[in-house]
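Chain by chain, the residues run as shown.
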Amino acid sequence: MDNEPRFIVDTMLGTVARWLRILGYDTVYDRNYEDWQIIRRAELEKRIIVTRDRGLHNKAIKHGLKSIILWEDSMPDRLAHIALVTGIKLSIDFNKTRCPEDNALLVKTDKEKVKDKVPAGVYRVHNDFWECPRCGKVYWIGSHWKLIEKILMEARDRLEVLKSKTNI
Ligand SMILES: [Zn+2]
């Protein structure tokens with residue numbers, strides 16, 4: 001696990017932070033951070049910076065840090081770019097998934113324990129639930145799942161294209 005890339009995501013890219021957490025990567029995101037705080041934390045915790053800010057990117061490189069500048073607007077393109085540079089996996093492993101809100105590792109929980117925390121209709125049709133030990137939010141593979149899978153599938157396709165380009 002220590003070999004897994006860790007990230008710190010710049011303030012404009014909150015949705016990217018959420019995706020990296022869902023994919024299981026330890027990702028710091030704090031919308032109040034100034035550039036110097038991002039650089040300092042990346043340095044201390046050996047995190048890869050993800051940003052759209054050329055200034056921050058250049059500062060990071062000067063400090064000898066890894067930094068990815070994301071110009072892409074679509075999430076599949078962004079994820080493919082990050083995967084090309086860092087080797088992250090573009091598929092979900094439920095043993096590694098983190099809370100998109102706060103980066104805590106989700107814990108598989110017994111169905112009975114979440115009975116009062118999820119809508120009755122959800123409780124009836126689902127058996128697998130995960131809970132965040134930090135914020136208490138409960139997750140299940142719901143209707144949004146198709147969209148998540150679709151975006152990841154697109155991201156994997158884009159990654160193949162990027163790889164074929166870089167092999168030339
Ligand atoms: Zn949480």
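The coordinates are above.
Residues numbered from 1 in each chain as written. Predicted model: local features only at pLDDT ≥ 70, side-chain atom pairs only at ≥ 80, totals over all residues.

Attention now goes to the nonpolar core. Core analysis: the largest hydrophobic core is formed by 27 residues, its most contacted members being Phe7, Val9, Leu20, Ile49 and Val50. Elements supplying a minimum of two residues to this core: strand S1 (7-9), helix H1 (14-22), helix H2 (35-45), strand S3 (48-51), helix H3 (54-62), helix H4 (75-86) and helix H6 (145-166). Counting residues per element, this core draws most heavily on H1, at four residues. Non-local contacts of Val9, meaning those with residues more than four positions away in its chain, are made with Val16, Ala17, Thr27, Tyr29 and Val50. (Core = buried A, V, L, I, M, F, W, Y, C linked by C-beta atoms within 7 Å. Buried ≥ 20, exposed ≤ 12 C-beta atoms within 10 Å, placed from the backbone. Helix = DSSP H or I, 4+ residues; strand = E, 2+ residues; numbered from the N terminus. Contact = placed C-beta atoms within 7 Å.)

So, about the sheet that holds strand S6 (residues 129-131). Taken in spatial order, the three strands of this open sheet run S5-S6-S7, and their pairing is antiparallel. Looking at strand neighbours, the two that pair on one side only are strand S5 (107-109) and strand S7 (138-139), the edges of this open sheet. Here two bridges tie S6 to S7, and the two strands are oriented antiparallel to one another. Its bridge partner being in S7, Glu131 is matched across the sheet by Val138. (Pairing = 2+ DSSP bridges.)

For Lys46, which is not glycine, the phi torsion reads 50° and is therefore positive. Within the element layout of this structure, Lys46 appears in the loop between H2 and S3. Judged by local crowding, Lys46 falls into the exposed class, with 11 C-beta atoms found within 10 Å. Even without being glycine, Asn103 reaches a positive phi, approximately 75°.

Let's shift gears to the packing of H2 against H3. A pair of packed helices can be characterised by two numbers: the angle between their axes and the separation between those axes. Direction vectors running N to C along H2 and H3 enclose 35°, while the axes themselves pass 10 Å from each other. In this structure, the crossing between H2 and H3 has a hand that is right-handed. Contacts between H2 and H3 involve Asp35, Ile38, Ile39 and Ala42 from the first element and Leu56, Lys59 and Ala60 from the second. (Axes fitted to C-alpha atoms, helices over the stretch in contact; angles between N-to-C directions. Left-handed = near helix turned anticlockwise from the far one by under 90°.)

Below, the discussion takes up the sheet that holds S1. Pairing between the strands of a sheet comes from backbone hydrogen bonds, and it takes one of two forms, parallel or antiparallel. One open sheet accounts for four strands, arranged S2-S1-S3-S4; its pairing is parallel. Only two strands of the sheet have a single neighbouring strand rather than two, namely strand S2 (27-29) and strand S4 (67-69). For this sheet, the mean inter-axis angle between neighbouring strands, taken without regard to orientation, is 20°. In terms of strand pairing, S1 meets S2 through three bridges, oriented parallel. Across the sheet, residue Ile8 finds its bridge partner in S2, namely Val28. Relative to the sheet, H1 contacts S1, S2 and S3, its axis offset from that of S2 by approximately 155°. In the packing of H3 onto the sheet, contacts are made with S3 and S4, and the angle to S4 comes to roughly 155°.

The topology assignment puts Arg158 in helix H6. Overall, the presence of 21 C-beta atoms within 10 Å leaves Arg158 in the buried class. Between the C-alpha atoms of Arg158 and Arg78, which are 80 residues apart in sequence, the distance is 9.4 Å.

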